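An overview of the molecular structure
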Amino acid sequence: MAQTVHRMPALTLNTDGHPHPRENTLVGATAVLGVIAFTTSFFHNLHLLTSWTGLFGIITGLVGMYISVTTAERFVLMVTLGASAIGFYLGIARGGLWG
């Protein structure tokens, strides 16, 4: 009798088994912009960087949500889109896009 080995699935955004390079690029860009916007929102003098990266993170996140294929992509996009939005709103509240 053959035994099957249940291995942990690989950490991937392509849960359907097909490559999605455009969607994964947008997920990565939104993640980077969201982390930058969220972490720089703790510093009052970085409101220009915070607001611009937050704005671009929101835009790339919304485009990524529009063309996303898998649930894993949407999950990462929603978390980092929220981080971008928090950074954007705090950057606007502390001085705005043009200082």
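Each chain has its residues counted from 1, following the order in which its sequence is written. For a predicted model such as this one, the threshold for reporting local features is a pLDDT of at least 70, and the threshold for listing and counting side-chain atom pairs is 80 or more; totals across whole chains, interfaces and linings nevertheless cover every residue. Note that water and hydrogens are dropped before the side-chain values are worked out from all heavy atoms of the structure.

1. Some details on the overall build of the protein
Helix and strand definitions follow DSSP, with helices as H or I runs of at least four residues and strands as E runs of at least two, each counted in order from the N terminus. Of the regular secondary structure elements, the protein holds three helices and zero strands. Here the C-alpha radius of gyration of the protein, 17 Å, is well above what a compact globule of 99 residues would show, namely 13 Å. If one aligns the C-alpha atoms of the protein with their principal axes, the spans along those axes are about 70 × 25 × 15 Å. The cut-offs for exposure are 20% and 50% of the maximum accessible area for each residue type, with area from a 1.4 Å probe on protein chains only; residues under the lower value are buried, those over the upper are exposed, and the others partly exposed. For the protein, the residues scored as buried account for 35% of the 99 residues in total. In this description, contact between two residues means that some pair of their heavy atoms is separated by no more than 4.5 Å. Counted over contacts in the protein with a minimum sequence separation of 6, partners at least 24 positions apart contribute 76%. Taken over C-alpha atoms, the radius of gyration is set against a globule rule of 2.2 Å times the number of residues to the power 0.38.

2. Things to note about the packing of helix α1 (residues 21–40) against helix α2 (residues 47–67)
Close contact between α1 and α2 brings their axes to 8 Å; oriented N to C, the two are set at 150°. By the angle between their axes, α1 is roughly antiparallel relative to α2. Here α1 runs over α2; the crossing is left-handed. Of the residues in α2, those in contact with Arg22, Glu23, Leu26, Thr30, Leu33, Ile36, Ala37 and Thr40 of α1 are Leu49, Thr50, Thr53, Gly54, Phe56, Gly57, Thr60, Gly61, Val63, Gly64 and Ile67. In the scheme used here, Gly and all other residues not listed as nonpolar or charged are polar, with Ala, Val, Leu, Ile, Met, Phe, Trp, Tyr, Cys and Pro taken as nonpolar and Asp, Glu, Lys and Arg as charged. Each residue belonging to the contact of α1 with α2 can be placed in one class, and the counts come to eight nonpolar, nine polar and two charged. Fitting a line to C-alpha atoms yields each axis, with helices limited to the stretch in contact; the angle taken between N-to-C directions then spans 0 to 180 degrees. Roughly parallel refers to an angle under 35 degrees, roughly antiparallel to one over 145, roughly perpendicular to one between 65 and 115, and oblique to any angle outside these ranges. Left-handed describes a crossing whose near helix is turned anticlockwise from the far helix by less than a right angle; the clockwise case is right-handed.

3. Some words on α2
Here the expected length of a helix is defined as 1.5 Å per residue gap, with one fewer gap than residues. Between its terminal C-alpha atoms α2 stretches 30 Å, which fits the 30 Å expected from 21 residues at 1.5 Å a residue. Those residues of α2 not exposed but buried are His47, Thr50, Ser51, Thr53, Gly54, Gly57, Ile58, Thr60, Gly61 and Gly64. Elements that come into contact with the buried residues of α2 comprise α1 and α3 (71–93).

4. Section: the pattern of salt bridges
Salt bridges, as used here, are contacts in which a Lys or Arg side-chain nitrogen is within 4 Å of a carboxyl oxygen on Asp or Glu. Evaluated as defined, the whole model comprises one salt bridge. Across the pair glutamate 23 and arginine 22 runs a salt bridge whose closest N-O atoms are separated by 3.7 Å. On the accessibility criterion, arginine 22 (56% relative accessible area) is exposed.

5. With respect to the packing of α2 against α3
Between α2 and α3, the least distance of the axes is 7 Å, while the angle of their chain directions is 150°. As the angle between them shows, α2 and α3 are arranged roughly antiparallel. Between α2 and α3 lies a crossing whose hand is left-handed. When α2 is examined against α3, the residues His47, Thr50, Ser51, Gly54, Leu55, Gly57, Ile58, Gly61, Leu62, Gly64 and Met65 are found in contact with a partner set consisting of Arg74, Leu77, Met78, Leu81, Ser84, Ala85, Gly87, Phe88, Gly91 and Ile92.

Bear in mind that shape data such as this cannot, by itself, settle questions of function.
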